[in-house]
Amino acid sequence: MAVKNQVQLITYPDSMGGDLKTLNQVLLNHFSDIFKGGVHILPPFPSSGDRGFAPLTYLEIEPKFGTWEDVREIGENFDVLVDLMVNHISKQSSYFQDFLKKGRKSEYADLFLTLDKVWEDGNPVKEDIDKMFLRRPLPYSTFTIEETGEEEKVWTTFGKTDPSEQIDFDIKSEKVKQLFVDFFTNFQEQNVKIVRLDAVGYVIKKLGTSCFFVEPEIYEFLDWIKELADSLDIELLPEVHSHYSIQYKLADHGCWIYDFILPYRILDTLVNKSSTDLCEYLKDRPEKQFTMLDCHDGIPVKPDLDDLIDTKEARKLVDVCLERGSNLSLILSDEHKAEDGFDVHQIRCTYYSVLNCNDDAYLAARAIQFFAPGVPQVYYVGLLAGENDEENIKETGDGREINRHNYTLEEIEQSLEKETVQRLLELIRFRNEYDAFNGEFTVLNSAKDEVRLSWEKDDKYCTLFIDLNTNKTVIDYIDENGKEVQYIV
């Protein structure tokens, strides 16, 4: 299986019409020639929280979304991408519930990282914990075993509750490896072509380290799971939010990576009308990437862009975003903030709203994304030029819900009538079908207030020109008859 160099959709199972069956109909009726690269279905599994990211199992589909048959049907026409949270599973999973009942006598006990696997006597040491990159105040939770009344401390990297909802796997355990084999085998049977390894940076726990992206052990795990995926003809996409140098290490290791830098770079370019930083970046980045502007979380800032941005300039850009209705996710631990206190982890908004609902600016942003080397992903809200959903935030109390609107079929039909959306669909068709995108990419010399990019393959050639003062976007290309054509986006 090779990842197709064409545009992919990212959507929740229930965000385009309410369930998987309806999603398939929407795709076939409106987008059959649009998402030739595939569809990333955000976790459709039974889950106890975090909108799907605390799965109980990967062997079933949440009944309210549909069945595996629905996933297989989508897979008949679109390469399906799903997530595997390789670091953890839900506290409500049958595996952990059995452990909670029987303790060490449970057949699943070895799936989990009890603290005696980390510290010999099972007692955590503060000096070791101080070195770790923590996502909660302590990296473990204490549970009482039902049958014995004994306490067990188990590693939990994530989770907003205490004890945590998300229980870490012990990836050294043969039982965990067998579980992953079962999950991947099922994915293959259900027509899944790509698996995103969510939270893979946290799988190695090693004393004396940050317990995040621990080298070289992380590569041993990635090599093992890649061999498994390859044997089933499944592609892997490791998901790591970290200093950009780690993405480059993954790329050097032959992995697909996410371009978490591009969304901010494009936003900065369009707001400040300067392409200097963007062009420098595009000249020197790995090509084996998935590109995005928007997703179910936010526009990444820290730590993804550490050492790439001036925090004073970043603060000004963030203030513009706030004026336009965005909200922020912040870094909690002082040691991971910038020296001047800059602490923005992600800017949460729809990409259309953060560009002030300016159609030309939004199309310019997408054009840059589609010309940057990599497999472009378009989030469903961005596809429909959706605006910030303030109501959703009020209802849920979660700032991320600003960009997670669930569309009814009627709302999808209405959105498709927007001129912006029709222009975007035309641009996606061009990106999917023009063969030069399989050739050589060049950043052309340009003035500071312009963007000029090109692709060339055999007799096919296309250039992108954007005037940042007006956001006018023009693509010049050679058509089937060898004629030069100008396409105003």
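Residues numbered from 1 in each chain as written. Predicted model: local features only at pLDDT ≥ 70, side-chain atom pairs only at ≥ 80, totals over all residues. Heavy atoms only, no water.

A. Inspection of the overall build of the chain at higher detail. When its secondary structure is counted, the chain shows 16 helices and 20 strands. Its C-alpha atoms give the chain a radius of gyration of 23 Å, near enough to 23 Å, the size a compact globule of 489 residues would have. The principal-axis extents of the C-alpha atoms in the chain amount to approximately 75 × 50 × 45 Å. Every one of the 489 residues in the chain was classed for burial, and the buried ones make up 59%. Taking contacts inside the chain between residues at least 6 apart in sequence as the whole, the part at least 24 apart equals 67%. Where the 53 positive side-chain charges of the chain centre and where its 92 negative ones centre are 2 Å apart. (Helix = DSSP H or I, 4+ residues; strand = E, 2+ residues; numbered from the N terminus. Rg over C-alpha atoms; globule rule 2.2 N^0.38 Å. Buried < 20%, exposed > 50% of the residue type's maximum accessible area, 1.4 Å probe, protein only. Contact = heavy atoms within 4.5 Å. Lys, Arg positive; Asp, Glu negative; His and termini not counted. Charge placed at Lys NZ, Arg CZ, Asp CG, Glu CD.)

B. Seen up close, the pattern of salt bridges. Here the structure, examined in full by the defined rule, presents 36 salt bridges. Note that D98 is salt-bridged to K102, the shortest N-O span being 3.1 Å. Here the residue D98 and the residue K102 both occupy positions in helix 3 (residues 94-102), the gap between them amounting to four residues, near one helical turn. With a closest N to O distance of 2.8 Å, D116 and R104 form a salt bridge. Of the two residues, D116 is situated in the loop between helix 3 and helix 4 (126-130) and R104 in the loop between helix 3 and helix 4; the sequence distance between them amounts to twelve residues. Take D116: its relative accessible area is 34%, and that puts it in the partly exposed class. Exposure remark for R104: the relative accessible area of 46% places this residue in the partly exposed category. One salt-bridge network, in which partners are shared between bridges, spans D50, D297, D398, R400, E401 and R404. (Salt bridge = Lys/Arg side-chain N within 4 Å of Asp/Glu carboxyl O.)

C. Expanded view of the sheet that holds strand 2 (residues 38-41). The eight strands are arranged 9-8-3-2-1-15-11-10 in an open sheet whose pairing can be described as parallel. Two strands in the sheet have a free side with no partner beyond their single neighbour: strand 9 (235-238) and strand 10 (257-259). With direction set aside, neighbouring strand axes in the sheet form an average angle of 30°. The pairing of strand 2 with strand 3 (residues 80-85) spans two bridges and is parallel. Bridged to V39 within strand 3 is V80. The strands touched by helix 2 (residues 68-77) are strand 2, strand 3 and strand 8 (192-198); relative to strand 3, the strand with the most contacts, the crossing angle is about 135°. (Pairing = 2+ DSSP bridges. Axes fitted to C-alpha atoms, helices over the stretch in contact; angles between N-to-C directions.)

D. Focus on the nonpolar core. Counting residues in hydrophobic clusters, the biggest one holds 148 residues, and the most contacted among them are F180 and F184. Ranked by residues supplied to this core, first place goes to helix 12 (residues 359-371) with nine residues. For F184, the contacting residues outside a window of four places in its chain are L84, V195, L197, I225, L228, A229, L232, I234 and L236. Listed in part, the eleven residues of the second largest apolar core include V3, W256, F260 and V375. (Core = buried A, V, L, I, M, F, W, Y, C linked by side-chain atoms within 4.5 Å.)

E. Looking closely at the sheet that holds strand 18 (residues 460-467). The five strands are arranged 16-17-18-19-20 in an open sheet whose pairing can be described as antiparallel. A strand with exactly one partner marks an edge of an open sheet, and here the two such strands are strand 16 (440-443) and strand 20 (484-488). With strand direction ignored, the average angle separating the axes of adjacent strands in the sheet is 15°. Those strands touched by helix 9 (residues 276-283) are strand 16 and strand 17 (450-457), and its axis lies near 150° from that of strand 16.

F. Region of the structure containing unusual backbone geometry. In this chain, D162 is followed by P163 through a cis amide linkage whose omega measures 0°. With omega at 0°, the peptide bond leading from K302 into P303 counts as cis. Within the chain, A199 stands out as a residue other than glycine whose phi angle is a positive 60°. Relative to the assigned elements, A199 resides in the loop between strand 8 and helix 6 (217-231).

G. Layout of the domain arrangement of the chain. Under the domain assignment, the chain is made up of domain 1 (8-86 + 174-438), domain 2 (94-168) and domain 3 (441-488). The straight-line distance from the C-alpha centre of domain 1 to that of domain 2 is 30 Å. If you look at the interface, domain 1 gives 23 residues, while domain 2 gives 19 residues. Summing both partners gives a buried area of about 1800 Å² for domain 1 against domain 2, and 61% of it is carried by carbon and sulfur. When residues of domain 1 are sorted by the area they lose upon contact with domain 2, Y202, K205 and L207 head the list and together hold 33% of the total. For K205, the salt bridge is made with D168, and the minimal N-O distance between the two is 2.8 Å. (Domains from an automatic or database assignment. Buried area = accessible area lost by both parts, 1.4 Å probe.)

H. Broad picture of the side chain of S274. In this structure, S274 sits in the loop between helix 8 (262-272) and helix 9. At a separation of 3.4 Å, a polar atom in the side chain of S274 contacts the side chain of T276. Aside from chain neighbours lying at most four places away, what touches S274 is T269, K448 and L468. (Polar contact = N/O pair within 3.5 Å; in protein donor to acceptor, adjacent residues only side chain to side chain.)

I. Structural detail: the packing of helix 1 (residues 20-30) against helix 2. The geometry of helix 1 relative to helix 2 is characterised by a closest axis approach of 9 Å and an angle of 15° between their N-to-C directions. Regarding the angle of helix 1 to helix 2, the classification is roughly parallel. You can see that helix 1 and helix 2 cross each other, and the crossing is left-handed. Seen from helix 1, the contacting residues are L20, K21, L23, N24, L27 and L28; seen from helix 2, they are D70, V71, E73, I74 and N77. Here the residues of the contact of helix 1 with helix 2 sort into six nonpolar, two polar and three charged. (Parallel < 35°, antiparallel > 145°, perpendicular 65-115°, else oblique. Left-handed = near helix turned anticlockwise from the far one by under 90°. Nonpolar A, V, L, I, M, F, W, Y, C, P; charged D, E, K, R; others polar.)

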